[in-house]
Amino acid sequence: MDFDEPHRRLNLLTGQWVLVSPHRARRPWQGQVEKTPPENLPQFDPTCYLCPGNTRSTGEKNANYTNTFVFDNDFSALLPPQGIPPGDPQEDSSAEFVSNGLFAATPEAGICRVVCFSPRHDLTLPELSQEQVEHVIRTWTEQSVELGKLDFINYVQVFENKGALMGCSNPHPHSQIWAMGHIPNEPEVELARLDNYWHRHNSCLLCEYVKAERQAGERIIASNDYITAVVPYWAVWPFETMLVANRHIGALADLSSQEVAGLADVMRQVTTRYDNLFEISFPYSMGFHQSPCDGKDYPGWHLHAHYYPPLLRSATVRKFMVGFEMLAMPQRDLTPETAAERLRSLSAIHYKNS
């Protein structure tokens, strides 16, 4: 098969097809051009709602933190069950309401938290030290375990929106954790595919996939003994990547201390190469897909993280998911192999330090 011609690729995790059109990478661009974000942020911003010691818009004052800092989101998309303080047990309140069989709604309780990576207003994750990134991962893990123990929580989603282009409302580097009573759409779709593969083949889909990718090597960006970062064969976004644990584990809490260090190393390598690609603070949305915390057994689930960056040709030209992609199916121009080669060829030393 000629991969230089238009073709479709199957996303094993969703069952959806992706249209790949390599010849379109040469088309001229006269569309929207984005503004590049400011590069010289201060170490501390007295007007920032997330910097240490500052007062947030609600009147709450931040601690004078020296490492990570966690607090309940002041404008949370989810709320604990009415009358039940966060941390108290609660019976399941997910009874479905249906009207005439056509209109369905169900209550959704939850907790949303913010995790500041460090007190520094100007340092994004690739600019943090190995030790600092390990601490961020341990904070995500501790929060996932703590929230997952609540009776009304069945899934914990850890994610980061980096950059104003991805809707980030505050430039101070931070991530979010949303814990909720139902398994969200994306993990639920992946769960069905992973579970089906497990029962049909008596093996893990992502274990087999990462093994095949490590053997092929052409889509690998960074790897070590514990974590592999790859531009997925079915990637939709131009420089999309997926981080997969080499060992078959289900959640952040299953990572050993060596695997935490390995994850921090690969995250720093990937995000540094992102920044080096156009020599800017590279925007993306990323998040971990870990096993649900509803007390059930999910033998086919395999811990992984998705990175979805929007930039395409330069720091100012982004990919738009519109038209055909909204109404028919995802489409990409740059092949995953070409994207991986470009990222892999970049230095693992951040451009600001080289």
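You'll find the structure just up there.
What comes next is a walk through the structure. (Residues numbered from 1 in each chain as written. Predicted model: local features only at pLDDT ≥ 70, side-chain atom pairs only at ≥ 80, totals over all residues. Heavy atoms only, no water.)

### Points about the nonpolar core
So, point 1. Ranked by internal contacts, the top residues of the largest apolar core, which has 55 residues, are Ile137, Trp140, Phe239, Leu243, Leu263, Met267 and Phe288.
So, point 2. When near neighbours in sequence (up to four residues on either side) are disregarded, leucine 263 contacts Ile137, Ile227, Leu243, Leu252, Leu255 and Phe288.
So, point 3. Core analysis: the next-biggest nonpolar cluster, separate from the first, contains 15 residues, Tyr209, Val230, Met242 and Tyr298 among them. (Core = buried A, V, L, I, M, F, W, Y, C linked by side-chain atoms within 4.5 Å. Buried < 20%, exposed > 50% of the residue type's maximum accessible area, 1.4 Å probe, protein only. Contact = heavy atoms within 4.5 Å.)

### Concerning the sheet that holds strand 11 (residues 241–245)
So, point 1. The nine strands are arranged 3-6-8-7-12-13-11-10-9 in an open sheet whose pairing can be described as antiparallel. For this open sheet the edge positions go to strand 3 (69–72) and strand 9 (220–223), each flanked by a neighbour on one side alone. Across the sheet, the mean angle from the axis of one strand to that of its neighbour is 20 degrees, orientation sign disregarded.
So, point 2. Here strand 12 (residues 284–289) pairs with strand 13 (residues 304–308) via five bridges, running antiparallel. Across the sheet, residue glycine 287 finds its bridge partner in strand 13, namely histidine 306.
So, point 3. Strands in contact with helix 2 (residues 185–201) are strand 7 (155–162), strand 12 and strand 13; relative to strand 12, the strand with the most contacts, it is inclined by about 50 degrees.
So, point 4. Against the sheet, helix 3 (residues 205–216) makes contact with strand 9, strand 10 (227–230), strand 11 and strand 13, and its axis sits at roughly 70 degrees relative to strand 10, the strand it touches most. (Pairing = 2+ DSSP bridges. Helix = DSSP H or I, 4+ residues; strand = E, 2+ residues; numbered from the N terminus. Axes fitted to C-alpha atoms, helices over the stretch in contact; angles between N-to-C directions.)

### Some thoughts on unusual backbone geometry
So, point 1. In the Ramachandran plot, asparagine 202 falls in the positive-phi region, its phi being about 55 degrees despite a non-glycine side chain.
So, point 2. Relative to the elements of secondary structure, asparagine 202 occurs in the loop between helix 2 and helix 3.
So, point 3. Look at glutamate 279: it is not a glycine, yet its phi comes out positive at around 55 degrees.
So, point 4. Positionally, glutamate 279 belongs in the loop between helix 4 (257–278) and strand 12.

### Description of the layout of surface pockets
So, point 1. Empty space within the largest pocket amounts to approximately 910 Å³.
So, point 2. Around the largest pocket, the lining is made up of 34 residues, and of these Glu186, Trp237, His289, His306 and Tyr308 lie nearest the centre.
So, point 3. Breaking the lining of the largest pocket down by element, the ones donating at least two residues are strand 7, strand 8 (174–180), helix 2, strand 12 and strand 13.
So, point 4. Split by residue class, the lining of the largest pocket holds 19 nonpolar, ten polar and five charged. (1 Å grid on protein atoms, 1.4 Å probe; cavity = no way out; pocket = protein on both sides within 12 Å on 5 of 7 lines; lining within 4 Å. Points joined across faces, edges and corners; volume = space filled by probe spheres on them. Nonpolar A, V, L, I, M, F, W, Y, C, P; charged D, E, K, R; others polar.)

### Some words on the pattern of salt bridges
So, point 1. By the definition in use, this model includes 13 salt bridges.
So, point 2. For arginine 219, the salt bridge identified is with glutamate 218, shortest N-O distance 3.3 Å.
So, point 3. In this structure, glutamate 325 engages lysine 319 in a salt bridge whose closest nitrogen and oxygen atoms are separated by 2.6 Å. Taken individually, glutamate 325 and lysine 319 each receive the classification buried, so the pair is uniform in this respect.
So, point 4. A cluster of three or more residues bridged by salt bridges with shared partners is formed by Arg9, Glu213, Glu218, Arg219 and Glu337. (Salt bridge = Lys/Arg side-chain N within 4 Å of Asp/Glu carboxyl O.)

### Some points on empty space enclosed by the protein
So, point 1. Taken as a whole, this structure holds one cavity of 30 Å³ or more when the rule is applied.
So, point 2. Together, Ile227, Leu243, Val244, Ala245, Leu263, Phe288, Leu303, His304 and Ala305 line the largest cavity.
So, point 3. Taken together, the elements giving at least two residues each to the lining of the largest cavity come down to strand 11 and strand 13.
So, point 4. Top element by residues in the lining of the largest cavity is strand 11. It accounts for three residues.
So, point 5. Of the residues in the lining of the largest cavity, the class split is eight nonpolar, one polar and no charged.

### A word on the packing of aromatic side chains
So, point 1. For the structure on display, the rule yields twelve aromatic pairs.
So, point 2. The interplanar angle of 35 degrees and the centroid separation of 5.4 Å between the aromatic rings of phenylalanine 69 and phenylalanine 71 together place this pair among those described as tilted.
So, point 3. A residue is classified by how much of its surface remains accessible, and phenylalanine 71, at 9% relative accessible area, is buried.
So, point 4. Their ring planes at 25 degrees and their centres at 4.8 Å tell us that tyrosine 274 and phenylalanine 282 sit as a pair that is stacked. By the burial criterion, tyrosine 274 is buried, and phenylalanine 282 matches it.
So, point 5. A network of ring pairs unites the aromatic residues Phe239, Tyr274, Phe278, Phe282, Tyr284 and Tyr307 as a single cluster.
So, point 6. Positioned over the ring face of tryptophan 17 is arginine 8, at 4.4 Å from the centre of the ring.
So, point 7. Here the guanidinium or amino end of arginine 56 rests over the ring plane of phenylalanine 71, the centre of that ring lying 3.9 Å away. (Phe/Tyr/Trp six-rings, centres within 6.5 Å; stacked < 30°, edge-to-face > 60°. Lys NZ or Arg CZ within 6 Å of the ring centre and 35° of its normal.)

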